[in-house]
Structure formats: structure tokens, C-alpha cells
Amino acid sequence: MALNPFGKKAPAPGAGTEAQTIIETSAPEQTVANKTPSPPARSGGRLGMLGGLFVACTAISAGLLAYQARDASLSALQLGAASELQVLPGQMARAARLARLGEPGAVADLEQTRARFADLLQTLGQGGGHAGATLPPLPASMRPLLQDLDAEWQKNATLAARLAAQGAPLAGTSAAVRAINAASGALADAADQFGRRVAAMNGDASALRAAHALLLHAQRATLQANTLFSADADPAAAAKVLAGEAEQLRQRLAELERPSNGSVLDESLRALGSAAAPILQAIERIGADAGALQQANAASAGLAANTPALLAASTALGTALAGRTGGFGPLHAGAALAALLAVFVLAQMARAYAADAAARRLASEAERRQAEDERNLTQQAILRLMNEMGDLADGDL
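Rules behind the numbers
- The residue count restarts for each chain, going from 1 along the sequence in the order it is written.
- With pLDDT at 70 or above as the cut-off, local features in this predicted model cover only qualifying residues; side-chain atom pairs require 80 or more to be listed or tallied, and sums for whole chains, interfaces and linings still use all residues.
- Where side-chain values are given, they derive from all heavy atoms of the structure, hydrogens and water being excluded.
- Secondary structure follows DSSP: runs of H or I at least 4 residues long count as helices, runs of E at least 2 residues long count as strands, and numbering of each begins at the N terminus.
- Buried means the residue's accessible area, taken with a 1.4 Å probe over protein chains only, is under 20% of the maximum for its type, while exposed means over 50%, and partly exposed covers the values in between.
- Should any heavy atoms of two residues lie within 4.5 Å, those residues are counted as being in contact.
- The accessible surface values rely on the Shrake-Rupley method and a 1.4 Å probe; as for residues, cover is taken only from the protein chains in view.
- Throughout this description, the term nonpolar core refers to a set of buried Ala, Val, Leu, Ile, Met, Phe, Trp, Tyr and Cys residues connected via side-chain atoms within 4.5 Å.
- Residues enter a patch when their relative accessible area is above 30% and they make no salt bridge; the linking distance is 9 Å between like charges and 5 Å between nonpolar side chains (Val, Leu, Ile, Met, Phe, Trp, Tyr).
- A pair is scored as a salt bridge if a Lys or Arg side-chain nitrogen falls within 4 Å of a carboxyl oxygen belonging to Asp or Glu.
- A helix is expected to span 1.5 Å for every residue after the first.
- Geometry is summarised by axes, namely lines fitted to C-alpha atoms with helices restricted to the contacting stretch, and by angles between N-to-C directions that run from 0 to 180 degrees.
- The cut-offs work like this: below 35 degrees is roughly parallel, past 145 is roughly antiparallel, 65 to 115 is roughly perpendicular, and the gaps in between are oblique.
- When the near helix sits turned anticlockwise from the far one by under a right angle, the crossing is termed left-handed; a clockwise turn instead gives a right-handed crossing.
- When residues are sorted by character, Ala, Val, Leu, Ile, Met, Phe, Trp, Tyr, Cys and Pro go into the nonpolar class, Asp, Glu, Lys and Arg into the charged class, and all the rest, Gly among them, into the polar class.
- Any two rings among Phe, Tyr and Trp, with Trp reduced to its six-membered ring, count as a pair given centres within 6.5 Å; such a pair is stacked if its planes are under 30 degrees apart, edge-to-face if over 60, and tilted if neither.

Caption draft 1: Main features of the overall build of the protein chain. Across its full length, the protein chain carries ten helices and two strands. Secondary structure elements in the protein chain, listed N-terminal to C-terminal, are α-α-α-β-β-α-α-α-α-α-α-α. The buried share among the 397 residues of the protein chain stands at 33%. Long-range contacts, defined as pairs at least 24 residues apart, comprise 84% of the intrachain contacts of the protein chain with a sequence gap of at least 6. Surface summary for the protein chain: the accessible area is close to 22400 Å², and the carbon and sulfur share equals 60%.

Caption draft 2: The arrangement of the nonpolar core in detail. Formed by 66 residues in total, the largest nonpolar core has its most connected members in Phe117, Leu163, Leu256 and Leu272. With ten residues, helix H5 (residues 167–200) is the single largest residue contributor to this core. In this structure Leu163 touches Ala96, Ala99, Leu110, Leu170, Ala296, Ala299, Ser300 and Leu303, once residues within four positions along its chain are discounted.

Caption draft 3: Up close: the environment of Gly172. In this fold, Gly172 is placed in helix H5. The sequence separation of Gly172 and Arg285 amounts to 113 residues, and the corresponding C-alpha distance is 7.4 Å. Those residues in contact with Gly172 that sit more than four places away from it in its chain are Arg285 and Asp289.

Caption draft 4: Just a nonpolar patch on the surface, in detail. Taken together, the side chains of Ile382, Leu383 and Met386 make up a nonpolar region of the molecular surface, amounting to roughly 310 Å² of accessible area. One can find Ile382 in helix H10 (residues 330–393).

Caption draft 5: Spatial organisation of H5. With 34 residues, H5 ought to run about 50 Å at 1.5 Å a step, and its terminal C-alpha atoms sit 50 Å apart, in line with that. Looking at the residues trailing H5, positive phi occurs at Asn202, about 55 degrees.

Caption draft 6: Structural context of the packing of H5 against helix H6 (residues 205–226). The contact between H5 and H6 brings their axes to 10 Å, and the two run at 165 degrees. As summarised for this structure, H5 and H6 are arranged roughly antiparallel, according to the angle between their axes. At the point where H5 passes H6, the crossing takes the left-handed sense. Of the residues in H6, those in contact with Val177, Ile180, Asn181, Ser184, Leu187, Ala188, Ala191, Phe194, Gly195 and Val198 of H5 are Ala207, Leu208, Ala211, Leu214, Leu215, Ala218, Ala221, Thr222, Ala225 and Asn226. Here the contact of H5 with H6 is built from residues that sort into 15 nonpolar, five polar and no charged.

Caption draft 7: Molecular detail of the packing of aromatic side chains. For the coordinates displayed, the defined rule picks out one aromatic pair. Summarising the aromatic geometry, the rings of Phe117 and Trp153 are spaced 4.3 Å apart at their centres and angled 25 degrees between planes, so their arrangement reads as stacked. With Phe117 in helix H3 (residues 106–126) and Trp153 in helix H4 (residues 143–165), the pair connects residues that are 36 residues apart, well separated along the chain. For Phe117, a relative accessible area of 0% gives the class buried. Overall, Trp153 belongs to the buried group, its relative accessible area being 4%.

Caption draft 8: How the structure looks around the pattern of salt bridges. All told, the structure shown has twelve salt bridges when counted by the stated rule. Note that Asp192 is salt-bridged to Arg196, the shortest N-O span being 3.0 Å. Taken together, the positions of Asp192 and Arg196, both in helix H5 and four residues apart, correspond to about one turn of that helix. The exposure class of Arg196 is exposed, given its relative accessible area of 55%. Ionic pairing is found between Arg250 and Glu284, a salt bridge with its closest N-O pair at 3.2 Å. Remark: Glu284 occurs in helix H8 (residues 266–288) and Arg250 occurs in helix H7 (residues 235–256); sequence separation between them is 34 residues. For Arg250, a relative accessible area of 33% corresponds to the partly exposed category.

And the structure:
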């Protein structure tokens, strides 16, 4: 067999690439093997952008909802203040009526109600503390209603202040009427005792007539005094009538105290004088306070007449605030839009993540196939090398 040290080994018939030498075959195949597919473009940047957008939309929606909740809470407090304004006119009218009747504590209740109404009105108009929170002023859309309410309130506030200023005369007149009522019973008893004593002594009939007239005028004074607090009372006219009755009482007492009646009746006369003194003093007090009582009656009547208008104005403001507090407003719409946008962005993030996962699976599959191809090429190269080494061992150079 001829040696061919520098030539090629002829390939076996039908042999393919497996029969070639390593130097001849490995280079081209390795060149093909090195042509790996480029990895897919990463979608991490897009996911990051979508994630930031999702966080921003969620924060905007949450912020709008929080602001809306705070605004709703403040609106509810404003509505509560307006609702209280609807109750106060009735309370003020009742306190004014009781104050005109001289009820103890009625003037203080009237002053407290007036101060409360003014404070609530100022809080709604200018803002301020209410129920543990700081309320903002009412919006411009509510200003006309607030101005109407303030105009009606100024009328009632003036009348309430005028009535409250007469608190002392009203209390004095009420005490005077009670004193007349209490003294009338004592005077009746004293007059009865005096009549019995005169009859027992067979005294002058003129003394009996004078005692009877004294008791009659005292009863008239009592009836007139009790009409002072009626709805249609005229304090000036009543004071004039009471002054006339007081003068009659003094004249009858003077008649009874004439010396001709004798000193035996002195004790009974002193009892009559003591019983009549509180009535006379009370009548003087009523006369002194008649002007103040007249002003108080006028102020009370004015408050009663203006209460419906004040109540209507406060009700209109409360109704407007109630309509503004409820319903679906711009803040609700903004929060809903931001939430929908956040859901949309989340869906886009899910799609992007799914696409990225699919691309990663394809890249992994390509890498696996490439590794398998390289392993197969390596095994083929090893087999060819072993074949070459077997040929050399057989002396086939």
C-alpha cells in the first residue's frame, strides 16, 4: 500500500461529513453554531413606566377620595349648623314670649339663643370653629341666601336686644303682680276681721262701707294687674287704671283712720294698712315700669311677626346646603376616572408582563436548542476523532 503522508484520506464510499477530518469539518460547523439568535428585547422599561403610571393614578384617586371625604365632612358640619339655624327662631320666639310674661330665666335664654344664632351665622359666612372642626366660609353660590338670612336676622337681633334690655323692668313688674296677688288675700282677711269687730261694737255703718269699698278697689287692682301680661294688654292704660285704684285705696284707708271710729279699732286698722301697703307699693312699681313694659311688648310682638320670615330664610339656606352636600360631584368623577385609568394601566402591565414572559420562554427554548446542537456537534467531533485514531492505529496514514 502506497504511503500518502501529505495527501488526504479518501473518503469511504457513501460517507458524508462524518468521514472528513476534524480540521475540514469543524470550522464550518462551528461557524454555523456560533450564529445564535439574538435575545428578545426586554420589556422591563415599559413595565417600569406603566408601574409608575399606575402608582400615580392610584395616588391621585386616593387623594381625591380623601379630599372628597374631608369636604363631605365639612359640608355635613355646615349643614348641621344651618339646620340648627332653623331651630333657633322658634326657640327665640318662645323665650321672647316668656320674657314678656316675666318668667325667671327667660331673658337669659333669649340672650343665649341670640348669641348662638349670631355665632353660627358668622361661622357660615366667614368660617371658623364648629363642633371641633374649622369650617371654611360658604361658597359664592350660597352668598345670596346667606345675605337674605342676615338681613332677616338683623331685624330679629335688634328686637331681641331691645327686649332683653327690659329684663329688669319685666322681672320687677312680674314680681309686683305676684305681690298684689299675695297681698289681696291678706287684705280680704283683714277687712273681714275689721267688719266683724265693727259689727260687734255696733259701730258706724260708714266704717263698714269704707272697709267694703277698700276691699272692692283692692280686688279691681288685682284684676287689672293680672291683665298686664295678656296678649292685647296696654301697659300704659293699665298703669293709669292701677294708679286710680291706688288712690281710692288711700282714700278709704284715710276714712277708716278718722278719730271718730275710736281707738278700739286701732289694731284692726293697722292690720288693714299693713295688708294694703304691699299692694300700693306694687302699683307704684308697675307705674314706674309701664314704659319699659310697653317697649317689651312691642319688641316681643315684632319678634313673633318676624319669626316666619327668619325661619323661611334659614330653611332656604339649609335646603341649598343639603342639595350641595349630596350627589355625584366633580371630586367623585375625578376619583372614578383616575381609578379607571389605574385599572387600564394595570391591564396593560399584565399584557406587557405576559408578552415578556412569552419572549423569555422563546429565548430559553432557543438557548436550549443551541446547547443541544453544540452537544451533538461535540459528540460527532469526538466520534470522528476516534475514527481517525483507529485508522492511525491500523497503519492507515
